[in-house]
Amino acid sequence: MVEEKRITLRLPADLHEWLVAQAKLARRSLNSEIVYRLEAGFGSASADDHAS
């Protein structure tokens, strides 16, 4: 089983509203939307690290 960690996250209100709207469009929970977007960016972030 994958270990999960709980965090408290502070977001600007407009970013929170946008994420909520995106989650609804994708029929995901807010948590799932955040995880999805972080994982999607994770691959491109590591590619950026190697480009420097």
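Residues numbered from 1 in each chain as written. Predicted model: local features only at pLDDT ≥ 70, side-chain atom pairs only at ≥ 80, totals over all residues. Heavy atoms only, no water.

Explain the overall build of the protein to me, using residue names and the numbers behind them.
Of the regular secondary structure elements, the protein holds two helices and zero strands. For the protein, buried positions account for 6% of its 52 residues. When the accessible surface of the protein is summed, it comes to about 5000 Å², and 55% of that surface belongs to carbon and sulfur atoms. (Helix = DSSP H or I, 4+ residues; strand = E, 2+ residues; numbered from the N terminus. Buried < 20%, exposed > 50% of the residue type's maximum accessible area, 1.4 Å probe, protein only. Areas by Shrake-Rupley, 256 points an atom, 1.4 Å probe, with all protein chains shown as cover.)

Which residues make up the pattern of salt bridges, and what values go with them?
Applying the stated rule across the entire model yields three salt bridges. The salt bridge involving K5 is made with E3; its shortest N-O contact spans 3.0 Å. Taking the relative accessible area as the measure of exposure, E3 reaches 62% and is therefore exposed. (Salt bridge = Lys/Arg side-chain N within 4 Å of Asp/Glu carboxyl O.)

Describe the packing of aromatic side chains, listing the residues and the values that go with them.
If you walk through the whole model with that rule in mind, you get zero aromatic pairs. A cation over an aromatic ring shows up here: R28 above the ring of Y36, its NZ or CZ 3.9 Å from the ring centre. (Phe/Tyr/Trp six-rings, centres within 6.5 Å; stacked < 30°, edge-to-face > 60°. Lys NZ or Arg CZ within 6 Å of the ring centre and 35° of its normal.)

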